[in-house]
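So the chains spell out like this:
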Amino acid sequence: MEHCMPVMTSEYRGRSNVRYESERRNRSRSCVHTGQTHRHTRRARSFRFQKLVLFLIFTLLISFLCGITFGSILSNAKGSEEKALDTFKYYKSITVESGDSLWSIASENMSGEYDSIHDYIDEICFINSLNSKQIHAGSSLVIPYYAAEFK
């Protein structure tokens, strides 16, 4: 952006004070250097200022939304850590008796840490490397359980 040129006016010749030609003229007249009117440059400055303010508001809004999003993600992660810290996971070995099934064993030993009995049965099968869900009397199974105390 170019500015108006300082011009020595006749009343200030010989002095060190320099007056701008634009100060002498009416504000609506054109500038000596650029030929633009002061109203035009004032509007342009006002428009640029408005664009800057809108950009800053938009940036702050995006930052705020990102903060809320990441904050909620971190708080959920913290909640699951706290839940995990309240209880400890242990394993015990049991011997399958006649008439036992994975369903009956799971219903006796499952705690609230699992979403469903099917999740608990799937974990028992994974731990014991069972290819099918059939078990036989006399075999041993390792089953998980949770306790509040540290052993």
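Anything mentioned here points back to the structure above.
All values derive from a computational prediction rather than experimental measurement. Note on numbering: residues in each chain are counted from 1, in written sequence order. Thresholds applied to this predicted model are a pLDDT of at least 70 for local features of residues and 80 or more for the giving and counting of side-chain atom pairs; totals over whole chains, interfaces and linings are not thresholded and use all residues. The side-chain numbers reported here are obtained from all heavy atoms of the structure, hydrogens and water having been left aside.

1. Considering the packing of helix α3 (residues 102-109) against helix α4 (residues 117-127)
Angle between the axes and distance between the axes are the two parameters that describe a pair of packed helices.
Stage number 1. With axes taken as lines fitted to C-alpha atoms, and helix axes fitted only over the stretch in contact, angles between N-to-C directions fall between 0 and 180 degrees. Put simply, DSSP H or I for four residues or longer makes a helix, DSSP E for two residues or longer makes a strand, and each gets a number counted from the N terminus. Their axes nearest at 10 Å, the elements α3 and α4 cross at an angle of 110°. In terms of orientation, α3 lies roughly perpendicular with respect to α4. Like other packed secondary-structure pairs, α3 and α4 cross with a definite hand, here right-handed. Here Leu-102, Trp-103, Ala-106, Ser-107 and Asn-109 of α3 lie close against α4, whose contacting residues are Ile-117, His-118, Tyr-120, Ile-121, Ile-124 and Cys-125. Any angle that falls under 35 degrees is termed roughly parallel, while one over 145 is termed roughly antiparallel, one within 65 to 115 roughly perpendicular, and all others oblique. Rotating anticlockwise by less than a right angle from the far helix to the near helix defines a left-handed crossing, while the corresponding clockwise rotation defines a right-handed one. Two residues qualify as a contact provided that any one of their heavy atoms is within 4.5 Å of a heavy atom in the partner residue.

2. A few points about a nonpolar patch on the surface
Stage number 1. By definition, no residue in a patch forms a salt bridge, and every one has over 30% relative accessible area; like charges are joined within 9 Å, nonpolar side chains (Val, Leu, Ile, Met, Phe, Trp, Tyr) within 5 Å. Per-residue and other accessible areas were derived by the Shrake-Rupley procedure at a 1.4 Å probe size, with only the shown protein chains allowed to occlude residues. Basic side-chain nitrogens of Lys or Arg form a salt bridge, by our definition, when they fall within 4 Å of a carboxyl oxygen of Asp or Glu. The grouping of Phe-49, Leu-52, Phe-55 and Leu-56 at the surface amounts to a nonpolar patch, some 440 Å² of accessible area in total.
Stage number 2. Assignment of secondary structure puts Phe-55 in helix α2 (residues 38-86).

3. Considerations on α4
Stage number 1. Accessibility here uses a 1.4 Å probe with only protein chains present; expressed as a share of the type maximum, an area under 20% marks a residue as buried, one over 50% as exposed, and anything in between as partly exposed. For α4, the set of buried residues is Ile-117, Tyr-120, Ile-121, Glu-123, Ile-124 and Cys-125.
Stage number 2. Residue Ser-129 follows α4 closely and has a positive phi angle near 55°.

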